[in-house]
Amino acid sequence: MTKIFAVTNQKGGVGKTTTCVNLAASLVATKRKVLLVDMDPQGHATLGSGIDKKQLQASVYDLLMGEAGIEAVRITAEAGGYDLLPANVDLAGAEVGLINEPRRERRLAEALESVKKDYDFVLIDCPPSLNLLTINALTAARGVLVPVQCEYYALEGLTSLLDTLKRVASSVNPGLEITGILRTMYDPRNSLTQDVSNQLIQYFERQVLGTVIPRNIRLAEAPSHGMPVLSYDPKSKGSLAYLALAGEILRRNSL
Ligand code: ADP
Ligand code: MG
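Residues numbered from 1 in each chain as written. Chains lettered and ligands numbered in written order. Predicted model: local features only at pLDDT ≥ 70, side-chain atom pairs only at ≥ 80, totals over all residues. Heavy atoms only, no water.

- The protein is annotated in an unreviewed UniProt entry as Chromosome partitioning protein of Marinospirillum alkaliphilum DSM 21637.
- Per UniProt, the protein has the following entry under Sequence similarities (unreviewed entry): "To B.subtilis soj." (UniProt positions renumbered as here; feature names shortened; annotations may be inferred.)

Given below as structure tokens:
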């Protein structure tokens, strides 16, 4: 069965997009078929997949508004070997555009219905806020991956995020589960990183994934070359970490 994961955290800059692009490519490396959905008007997952967001024929905006079918929006991201539903700044208009529409929180779930059989995994990159776009992602998903940067304010935001997820789940998607909390930009030489990491494990226990994503310059450089780190520098620490994450997710879900 297709596993659909939303990658979300209302904080910006915690590694959501980096995780989407690189986990997608790593799952492809394990011979899984993957669809990446860019639900952020910033279009960073689109750019990081090597797609020019200004040249899109159709985007997730058209899909949500019912102005294009999924076949018109879906493209192949050659650099990562996965398919992509791309986005650009147009998507910022979807919230207002959908405001009086019926089933506005179910638009993405309904659009994915006809293609999800083509994939082992669908990963959805969320914007850094809990808006209608994120609600669409959470409604379509089975599981939620929450990247967390191990820094002082990480825990504070996290408790309220998880409470919100529970509330969303109980109203629009009762099957939704927390797949895991992912520690990103981990710097073992920094004692604060370790303190926060230990606290995360203390509070959230098994919900914290065992794989840790280190701070790695290659991960930050790869998007400017329009490719996942696995294509840009396959031997880098960042590559190995995201391959390990793919392995852990496959094991945890017995896939
Ligand atoms: P978000 O999608 O949550 O806003 P991003 O994935 O865009 O976060 O990451 C924010 C910035 O940090 C980007 O410039 C990205 O390249 C960089 N970055 C993300 N993860 C790492 C990492 N593990 N090591 C180094 N830089 C990273
Ligand atoms: Mg992002």
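## Some points on the overall build of the protein
Part 1 of the argument: Scanning the protein from terminus to terminus reveals twelve helices and eight strands.
Part 2 of the argument: For 255 residues, the compact-globule formula gives about 18 Å, and the C-alpha radius of gyration of the protein, at 17 Å, lands near that figure.
Part 3 of the argument: The C-alpha extent of the protein, read off along each of the three principal axes, is 50 × 40 × 35 Å.
Part 4 of the argument: Across the 255 residues of the protein, 56% fall into the buried class.
Part 5 of the argument: Nonlocal contacts in the protein, meaning residues at least 24 apart in sequence, comprise 78% of its contacts between residues at least 6 apart.
Part 6 of the argument: Accessible surface computed for the protein: about 11,500 Å², of which carbon and sulfur atoms make up 50%.
Part 7 of the argument: One finds the centroid of the 27 positive side-chain charges in the protein at a distance of 6 Å from the centroid of its 27 negative side-chain charges. (Helix = DSSP H or I, 4+ residues; strand = E, 2+ residues; numbered from the N terminus. Rg over C-alpha atoms; globule rule 2.2 N^0.38 Å. Buried < 20%, exposed > 50% of the residue type's maximum accessible area, 1.4 Å probe, protein only. Contact = heavy atoms within 4.5 Å. Areas by Shrake-Rupley, 256 points an atom, 1.4 Å probe, with all protein chains shown as cover. Lys, Arg positive; Asp, Glu negative; His and termini not counted. Charge placed at Lys NZ, Arg CZ, Asp CG, Glu CD.)

## Some thoughts on the pairing of strand E5 (residues 121-125)
When a strand is regular, its side chains alternate between the sheet's two faces.
Part 1 of the argument: When you tally the buried positions in E5, you get five out of five residues, the bulk of the element.
Part 2 of the argument: Covered by surrounding structure in E5 are Phe121, Leu123 and Asp125 together with Val122 and Ile124, the residues of both alternating faces.
Part 3 of the argument: Inspection of the sheet shows strand E1 (residues 3-7) paired to E5 by five bridges, in the parallel sense. Bridging from a neighbouring strand, Ala6 pairs with Ile124 of E5.
Part 4 of the argument: With five bridges connecting them, strand E2 (residues 34-38) and E5 associate as parallel partners. (Pairing = 2+ DSSP bridges.)

## A word on the site of ligand 1
Part 1 of the argument: The local shell around ligand 1 holds 14 residues, among which Gly13, Thr17, Thr18, Pro214 and Asn216 are the closest.
Part 2 of the argument: For ligand 1, an oxygen atom lies 2.7 Å from a polar atom in the backbone of Gly13.
Part 3 of the argument: With respect to ligand 1, the side chain of Thr17 contributes an N or O atom lying 2.9 Å from an oxygen atom.
Part 4 of the argument: For ligand 1, whose unbound accessible area comes to 550 Å², protein coverage reaches 78%.
Part 5 of the argument: When contributions to the shell around ligand 1 are tallied by element, the ones reaching two or more residues are helix H1 (16-29), strand E8 (208-214) and helix H10 (217-221).
Part 6 of the argument: Of all the elements, H1 adds the most residues to the shell around ligand 1, at three residues.
Part 7 of the argument: Within the shell around ligand 1, the residues separate by chemical class into six nonpolar, six polar and two charged. (Near = heavy atom within 4 Å. Polar contact = N/O pair within 3.5 Å; in protein donor to acceptor, adjacent residues only side chain to side chain. Nonpolar A, V, L, I, M, F, W, Y, C, P; charged D, E, K, R; others polar.)

## A word on the pairing of E1
Part 1 of the argument: The element E1 is largely enclosed, with a buried count of five among its five residues.
Part 2 of the argument: Of the two faces of E1, the one lined by Lys3, Phe5 and Val7 and the one lined by Ile4 and Ala6 are each fully buried.
Part 3 of the argument: With three bridges connecting them, E1 and strand E6 (residues 143-149) associate as parallel partners. When the bridges of E6 are listed, Phe5 appears paired with Gly143.

## Some words on the sheet that holds strand E3 (residues 75-77)
Part 1 of the argument: Across the sheet, eight strands lie side by side as E3-E4-E2-E5-E1-E6-E7-E8; this open sheet has mixed pairing. A strand with exactly one partner marks an edge of an open sheet, and here the two such strands are E3 and E8. Recorded for the sheet is a direction-independent mean angle of 25 degrees between the axes of neighbouring strands.
Part 2 of the argument: Where E3 lies against strand E4 (residues 82-85), three bridges are found, and the strand directions are antiparallel. (Axes fitted to C-alpha atoms, helices over the stretch in contact; angles between N-to-C directions.)

## Re the packing of aromatic side chains
Part 1 of the argument: All chains considered together, the criterion is met by two aromatic pairs.
Part 2 of the argument: With 6.4 Å between their ring centres and 65 degrees between their planes, Tyr203 and Phe204 make a pair best called edge-to-face.
Part 3 of the argument: Accessibility expressed as a relative area gives 58% for Tyr203, which makes it exposed. (Phe/Tyr/Trp six-rings, centres within 6.5 Å; stacked < 30°, edge-to-face > 60°.)

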